[in-house]
Amino acid sequence: EETSKLLSTVADLAKAAGVTAVNLKPRPAETSGLAKRYQVDIETESTLEMLTRFVYSIEQSAQPLTVDRLDAKQEEKPAAPLKCTLRISRIAIP
């Protein structure tokens, strides 16, 4: 349930920022003591402005979300989209 909630939240935030989610997949949850870390990987295409808006919305989300990793690349073609892979996580303490 937590993983599906995280997937839904990330997809909604991407859409609101104008970012195209090319691929969105969950990663296995990790447990550390009482805390459990839920993670998703998302591949996106966007402009730099849209990506910035997306990352900001993740960090400012009502849920405690974190961008753990962000890899970006852009082809040298004119008007080529910025392609990114992000790992986003949420830590829950039951």
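Just so we're clear, the structure is a prediction, and the values are computed from it rather than from any experiment.

Student: Can you tell me about the nonpolar core, naming the residues and giving the values?
Tutor: Grouped together as the largest cluster of nonpolar side chains are 19 residues, with contacts concentrated most on Val10, Ile42, Phe54, Ile58, Leu86 and Ile88. Of all elements in the fold, only α1 (2-17), β2 (35-46), α2 (48-59), β3 (65-74) and β4 (82-92) reach the threshold of two or more residues within this core. When near neighbours in sequence (up to four residues on either side) are disregarded, Ile42 contacts Val10, Ala14, Ala21, Asn23, Leu24, Phe54, Cys84, Thr85, Leu86 and Ile88.

Student: Please provide a residue-by-residue account of the environment of Glu30, values included.
Tutor: Tracing the backbone through its elements, the reader meets Glu30 in strand β1 (residues 20-32). The class of Glu30 is partly exposed, set by a relative accessible area of 43%. On a C-alpha basis, the gap between Glu30 and Glu43 in space is 21 Å, while along the polypeptide they are 13 residues apart. Not counting residues within four places of it along the chain, the set of residues in contact with Glu30 comprises Ala35, Lys36, Arg37 and Gln39.

Student: Can you explain the pairing of β2? Please cite residues and give values.
Tutor: Here ten bridges tie β1 to β2, and the two strands are oriented antiparallel to one another. Of the residues in β2, the one forming a bridge with Thr20 is Glu45. Here β1 folds back onto β2 in antiparallel fashion, the turn holding two residues, of which Gly33 has a positive phi close to 65°. Inspection of the sheet shows β2 paired to β4 by eleven bridges, in the antiparallel sense. Looking across to β4, one finds that Arg37 is bridged to Ile91.

About the thresholds
- Residues numbered from 1 in each chain as written.
- Predicted model: local features only at pLDDT ≥ 70, side-chain atom pairs only at ≥ 80, totals over all residues.
- Heavy atoms only, no water.
- Core = buried A, V, L, I, M, F, W, Y, C linked by side-chain atoms within 4.5 Å.
- Buried < 20%, exposed > 50% of the residue type's maximum accessible area, 1.4 Å probe, protein only.
- Helix = DSSP H or I, 4+ residues; strand = E, 2+ residues; numbered from the N terminus.
- Contact = heavy atoms within 4.5 Å.
- Pairing = 2+ DSSP bridges.

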